[in-house]
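Chain residues, written in single-letter form:
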Amino acid sequence: MTRPAPAFFTRPAPEVARDLLGMGLRVRGAGGPIVETEAYTADDPASHSHRGPTRTNAAMFGPAGHAYVYRSYGIHWCLNVVCLPGQAVLIRAIEPVSGLADMAARRGRADLAALCSGPGKLGQALGIGPQDDGTPFDGGALALMARPLPSGTAIVSGPRIGISRGQATPWRFGLAGSAFLSRRF
């Protein structure tokens, strides 16, 4: 497995969101293949970047291929991959494969299907926090590894979930039939 080239990230978020599916995500040794993503663009009313750069969304306007981390509902840290300026892909779910004991301890549960099946769960299981905001996915603390999807794997898309604006935009992507999705399509 190899890291994606920098040009992989300098594309529109919906394209990157689809292409991240199946890639390996590793955060300080824990992780697994990405099974669900959501795309957000600068002209999208649901995006944190919709009103322009601020102190809290600055990473969305920073280098592509870096992390944008934000706190959801004052509780959960969520992990995004920055694409073009003001665009990012939320990592909604992974199939937990490595660092299982650490992820289970952070989540207080060992059920694999529920360990990383949602952005808040994923953030907690991987130990994501404000220290990760702006960090590159370069193989250090955060890594993305390109890997081919298994033969016959279908990608599905549908409306995004958990947002109050732009719900109908079909920029939620997932691996069809995965037991690790946050919600069925």
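One structure accompanies this document, and this report is about it. (Residues numbered from 1 in each chain as written. Predicted model: local features only at pLDDT ≥ 70, side-chain atom pairs only at ≥ 80, totals over all residues. Heavy atoms only, no water.)

Side note on the pattern of salt bridges
Going through the model one piece at a time under the given rule, you end up with 7 salt bridges. Of the charged contacts, one joins D19 and R11 as a salt bridge, the two residues approaching to 2.9 Å between their closest N and O atoms. Ionic pairing is found between D132 and R28, a salt bridge with its closest N-O pair at 2.8 Å. Here D132 is found in the loop between α4 (119-126) and β6 (142-145), whereas its partner R28 is found in the loop between β1 (24-27) and β2 (30-40), with 104 residues between them in sequence. Owing to a relative accessible area of 2%, D132 belongs among the buried residues under this scheme. Its relative accessible area of 41% is what places R28 among the partly exposed residues. (Salt bridge = Lys/Arg side-chain N within 4 Å of Asp/Glu carboxyl O. Helix = DSSP H or I, 4+ residues; strand = E, 2+ residues; numbered from the N terminus. Buried < 20%, exposed > 50% of the residue type's maximum accessible area, 1.4 Å probe, protein only.)

A short note on the environment of N57
Here N57 is to be found in the loop between β2 and β3 (67-72). Judged by relative accessible area, which is 2%, N57 ranks as buried. Spatially, the C-alpha atoms of N57 and N80 are 11 Å apart, while their sequence positions differ by 23 residues. Filtering out sequence-adjacent residues up to four positions away, N57 remains in contact with H48, S49, G52 and Y68. In this structure the side chain of N57 is engaged in a polar contact, spanning 2.6 Å, whose partner is the backbone nitrogen of T54. (Contact = heavy atoms within 4.5 Å. Polar contact = N/O pair within 3.5 Å; in protein donor to acceptor, adjacent residues only side chain to side chain.)

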